[in-house]
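In case you want the letters, here they are:
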Amino acid sequence: MIGKWHATVFDCSNTDQLASFYEDLLGMIRVQHDDNGWITIGDAPDRPALAFQQVEGYMPPRWPGQEIPQQVHLDIRVEDLDVAEQKVLALGATSLESGTGTYRVYLDPAGHPFCLVCW
């Protein structure tokens, strides 16, 4: 082992908005916040986390095309796709109306794709 996973980092134009979205979606809390637009959320300060960095001129990915590639996405396992879909839409996600009986694809408020998965 070379190291330990610390965080998955998302570029965005509004770190507070995107961190709040994922806090509500995943039940995490803010564990780090600085004056430069960096926010980290997680279970505890010493555990792997999601981080958000403010980027001037941010351009959201375009899925499924590759003109502006998605680069990374999260799969979030849920008990019921229909119930979870209503909740993520209420948080500000956008449905791409794509998927199957075991997954559905959405965009977070900054335009990053993520999937709800169920099996």
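About the criteria used
- Residue numbers run consecutively from 1 along every chain, following the written order of its sequence.
- Two thresholds apply to this predicted model, a pLDDT of at least 70 for residue-level local features and 80 or more for giving and counting side-chain atom pairs, whereas whole-chain, interface and lining totals are computed over all residues.
- Only heavy atoms go into the side-chain values, all of them from the structure, while hydrogens and water stay out.
- Working definition: helices are DSSP H or I runs of at least four residues, strands are E runs of at least two. Numbering for both runs from the N terminus.
- A pair of strands is labelled paired if DSSP reports no fewer than 2 bridges between them.
- Between N-to-C directions, angles span 0 to 180 degrees; the directions come from axes that are lines fitted to C-alpha atoms, helices contributing only their stretch in contact.
- The cut-offs for exposure are 20% and 50% of the maximum accessible area for each residue type, with area from a 1.4 Å probe on protein chains only; residues under the lower value are buried, those over the upper are exposed, and the others partly exposed.
- Under this rule, positive means Lys or Arg and negative means Asp or Glu; His and the chain ends count for nothing.
- Each salt bridge in this description consists of a side-chain nitrogen of Lys or Arg and a carboxyl oxygen of Asp or Glu lying within 4 Å of one another.
- Throughout, a contact is declared for two residues whenever any of their heavy atoms are within 4.5 Å.

Under the annotation held in an unreviewed UniProt entry, the chain carries the name VOC family protein and is attributed to Arthrobacter parietis.

The next subject is unusual backbone geometry. Among all residues save glycine, negative phi is the norm, and among peptide bonds the norm is trans. Here Glu-97, not a glycine, exhibits a phi torsion of approximately 50°, which is positive. Structurally, Glu-97 is set in strand S6 (residues 94-99).

Spatially, the four strands line up as an open sheet ordered S1-S4-S3-S2, and their pairing is mixed. Each of the sheet's edge strands pairs with one partner strand only, and the pair in question is strand S1 (7-12) and strand S2 (29-33). Looking at each pair of strands side by side, their axes are set apart by 25° on average, direction ignored. Two strands pair when backbone bridges link them, and strand S3 (residues 38-42) and strand S4 (residues 49-54) are joined in this way by five bridges, in the antiparallel orientation.

So, about the side chain of Asp-108. Looking at where Asp-108 falls in the secondary structure, it is placed in the loop between strand S7 (103-107) and strand S8 (113-117). The side chain of Asp-108 is buried and forms no salt bridge, while Arg-62, the nearest opposite charge, is found at 10 Å. The contact partners of Asp-108, leaving out residues within four places of it in the chain, are Leu-18, Phe-21, Tyr-22 and Phe-114.

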